[in-house]
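In case you want the letters, here they are:
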Amino acid sequence: MARIIRIFDTTLRDGEQSPGASMNIEEKVLVAKQLARLRVDIIEAGFAYSSPGDFEAVRRIGQEVEGPIVCSLARARVEDIDRAWEALKGAPRPRIHTFLSTSDIHLKYQFRMTRDEALKRAVEMVRHARGYVDDVEFSPMDATRSDLAYLCEVVEAVIEAGATTVNIPDTVGYTTPQEFGHIIQTLRTTVRGCDRAILSVHCHNDLGLAVANSLAAVLAGAGQVECTINGIGERAGNASLEEIVMGLRTRADFYQADTNIQTEEISKTSRLVSKITGMVVQPNKAIVGANAFAHTSGIHQDGLLKEKRTYEIMRPESIGLTQSRLVLGKLSGRHAFREQLAKLGYSLSDEEINAAFDRFKRLADQKKEMFEEDLEAIVSETATRVPERYTLKSLQVQSGLRQVPTATVELDVNGQVMKETGTGDGPVDAVYRTIAAITKTKSRLLAYAVKAITGGTDAQGEVSVRLEQDDEIVTGNGADTDIIVASAQAYLNALNKLALQLERRAQEGKKIQTC
Ligand code: KIV
Ligand code: ZN
């Protein structure tokens, strides 16, 4: 029988450390609910001590998301662990994850501690966390650059102190599959009491080996893998959840291991994370890239037509890629709408259903047929709305061959209606310049991307923009059958988020980052 490997998702903590991938609380709750539908075993919801926003995200996810264990990161410090517990105490299945470096290079230059001091602190902090919860994870940070004998000593001591999971991080993405397999094997065979804890791994992708290293660790006996959706994370990212899960599922014959993941939810989860973080998935990315299942070579297509298995090692359906399904039409009512959302796995409050239904009706006037993806876009738009300082009241654009693109934009700015006309190099540029003039924003546009949500010329265009101001980076989204309107909505959504984020920062100070 295949061993079940636990999937610990850290998209909301390590993933969020990707430059520009920060998410607000509503967005984190939405992603966490989708992670629960994906059936991850553990959600690392944030680092409660690092900021009031992270604290609130951990607290809300712990209370609102059913199924997975919910975890908060905490440095090996009393105040961090106390704060993690504060955030988690309402969660049915809480975990505290505490960490301290074990490599000499970190201990000497960053922590200014001796090996003995670090070991003592790790033990004390695991005991302290066990005073609050039965489920405590300890990570010896930079484990792969640590002296192996010392690493074994620390792992043994923290298990003795009550750690139920010990996670071995390749913090700087330095190790290789063979070396990492050897480290895990050594820990398993030499550390006394190792079988009382789950051995976990957490790999970064600096040399492109995060997934290979994680799978080598599974072969060597690791029972938990830490990973993120689309592999997002600090620098080159973390091991990608979808690659690990599909690797194990597709090659179960080799790994003799599987996970609890509902793989049909993978594609949807990937789209949601990409949309919310603004981190575009490269087209040739394994499993979730747009080309991952596209066969263009004539010889391959010929083989596929004769027998799918000639060139297809996974079925697109197994990650939830199906033909866009028509689910509702122009005349569908509130009841059918609510039922369809429930079928797609969304449970919304009455207030959210009302807002989403209004959006659905407006869209249904423009578009005859509604596909699953349209409903997904409506739900994420509704659930992640931020208080609006700027609202679009009206928009008119003139452009065409040998015409100067001109936009007239009317905005509600904090309750005051303001209207201006401006020009630009193209219709979107004209709209953006005019909005910038009205709002007097100091932000810089870092990225603009547009894609069609479904096929057909009446498809909704989904626009995502990234803005930066004073080191805060936000992503805004907008969807509409008119891509100029979608572009304006996305820009305003980003400006509203930026205003909120800058306000929060002024009140709370800057968030503490981990590693
Ligand atoms: O990469 C790392 O070492 C981490 C730890 C906090 C687990 O993210
Ligand atoms: Zn990490």
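For clarity, every value in this text was computed on a predicted model and none was experimentally measured. (Residues numbered from 1 in each chain as written. Chains lettered and ligands numbered in written order. Predicted model: local features only at pLDDT ≥ 70, side-chain atom pairs only at ≥ 80, totals over all residues. Heavy atoms only, no water.)

1. Here we look at the domain arrangement of the protein chain
For the protein chain, the assigned domains read domain 1 (3–277), domain 2 (294–383) and domain 3 (390–511). One C-alpha centre belongs to domain 1, the other to domain 3, and the line joining them spans 37 Å. Between domain 1 and domain 3, the contact holds 15 residues from the first and eleven residues from the second. Of the roughly 1100 Å² buried between domain 1 and domain 3, counting both surfaces, carbon and sulfur atoms make up 41%. Viewed at the interface, domain 3 and domain 1 are joined by five residue pairs in polar contact (both at pLDDT 80 or more). The set of elements that each furnish at least two residues to the side of domain 1 that touches domain 3 consists of α1 (25–38), α2 (52–64) and α11 (266–277). Each residue belonging to the side of domain 1 that touches domain 3 can be placed in one class, and the counts come to three nonpolar, seven polar and five charged. (Domains from an automatic or database assignment. Contact = heavy atoms within 4.5 Å. Buried area = accessible area lost by both parts, 1.4 Å probe. Polar contact = N/O pair within 3.5 Å; in protein donor to acceptor, adjacent residues only side chain to side chain. Helix = DSSP H or I, 4+ residues; strand = E, 2+ residues; numbered from the N terminus. Nonpolar A, V, L, I, M, F, W, Y, C, P; charged D, E, K, R; others polar.)

2. Focus on the side chain of D41
Secondary-structure assignment places D41 in the loop between α1 and β3 (42–46). For D41, which is buried and forms no salt bridge, the nearest opposite charge comes from R6, at a distance of 6.0 Å. Reaching out from D41, the side chain makes a polar contact with the backbone nitrogen of I7 at a distance of 2.8 Å. (Buried < 20%, exposed > 50% of the residue type's maximum accessible area, 1.4 Å probe, protein only. Lys, Arg positive; Asp, Glu negative; His and termini not counted. Salt bridge = Lys/Arg side-chain N within 4 Å of Asp/Glu carboxyl O.)

3. Overview of the packing of helix α8 (residues 210–219) against helix α9 (residues 241–250)
Direction vectors running N to C along α8 and α9 enclose 45 degrees, while the axes themselves pass 10 Å from each other. One way to sum up the angle between α8 and α9 is to call them oblique. For α8 against α9, the interelement crossing comes out right-handed. Mapping the contact onto sequence places V211, S214, L215 and V218 in α8 and E243, I244 and L248 in α9. Looking at side-chain class alone, the contact of α8 with α9 contains five nonpolar, one polar and one charged residues. (Axes fitted to C-alpha atoms, helices over the stretch in contact; angles between N-to-C directions. Parallel < 35°, antiparallel > 145°, perpendicular 65-115°, else oblique. Left-handed = near helix turned anticlockwise from the far one by under 90°.)

4. Let's talk about the coordination of the zinc ion (ligand 2)
Under perfect tetrahedral coordination by four donors, a metal shows angles of 109.5 degrees; under perfect octahedral coordination by six donors, it shows angles of 90 or 180 degrees. Those protein atoms acting as donors to the zinc ion (ligand 2) are D14 (OD), H202 (NE2) and H204 (NE2), and they sit at 2.0 to 2.1 Å. Here the donor residues of the zinc ion (ligand 2) are spaced in sequence according to D-x187-H-x1-H. Residue D14 is located in the loop between β2 (6–9) and α1, and its partner H202 is located in strand β8 (residues 198–203); the two are separated by 188 residues in the primary sequence. According to the relative accessible area criterion, D14 is buried, its value standing at 1%. (Donors = N, O, S within 2.8 Å, 3.2 Å for Na, K, Ca; no water.)

5. As for the site of ligand 1
Around ligand 1, the structure places twelve residues, and the nearest of them are R13, D14, T171, H202 and H204. Contacts to ligand 1 include R13, whose side-chain N or O atom sits 2.9 Å from an oxygen atom. With respect to ligand 1, the side chain of T171 contributes an N or O atom lying 2.6 Å from an oxygen atom. The fraction of the free accessible surface of ligand 1 (260 Å²) that becomes covered by protein chains is 100%. Broken down by secondary-structure element, the contributors of at least two residues to the shell around ligand 1 are β5 (94–101), β6 (136–141) and β7 (165–170). Per-class residue counts for the shell around ligand 1 are four nonpolar, six polar and two charged. (Near = heavy atom within 4 Å. Areas by Shrake-Rupley, 256 points an atom, 1.4 Å probe, with all protein chains shown as cover.)

6. Focus on helix α7 (residues 177–190)
With 14 residues, α7 ought to run about 20 Å at 1.5 Å a step, and its terminal C-alpha atoms sit 20 Å apart, in line with that. Within the span of α7, buried status applies to F180, G181, I183, I184, T186 and L187. Residues of α7 that are buried make contact with α6 (148–161), β7, β8 and α8. (Expected span 1.5 Å × (residues − 1).)

7. A few points about the pairing of strand β17 (residues 461–469)
Of all nine residues in β17, eight are buried; the element is thus mostly enclosed. Two strands pair when backbone bridges link them, and strand β16 (residues 444–452) and β17 are joined in this way by eight bridges, in the antiparallel orientation. Bridge pairing in β17 places A447 opposite R466. The pairing of β17 with strand β18 (residues 472–480) spans nine bridges and is antiparallel. Pairing of Q469 across the sheet is with E472, part of β18. Hairpin remark: β17 followed by β18, antiparallel, with two residues in the connecting loop; positive phi at D470, about 45 degrees. (Pairing = 2+ DSSP bridges.)

8. Considering the environment of A383
Checked against the element boundaries, A383 lands in helix α15 (residues 372–383). The exposure class of A383 is buried, given its relative accessible area of 14%. For the pair A383 and A356, spaced 27 residues apart in sequence, the C-alpha separation works out to 8.7 Å. When near neighbours in sequence (up to four residues on either side) are disregarded, A383 contacts E26 and L30.

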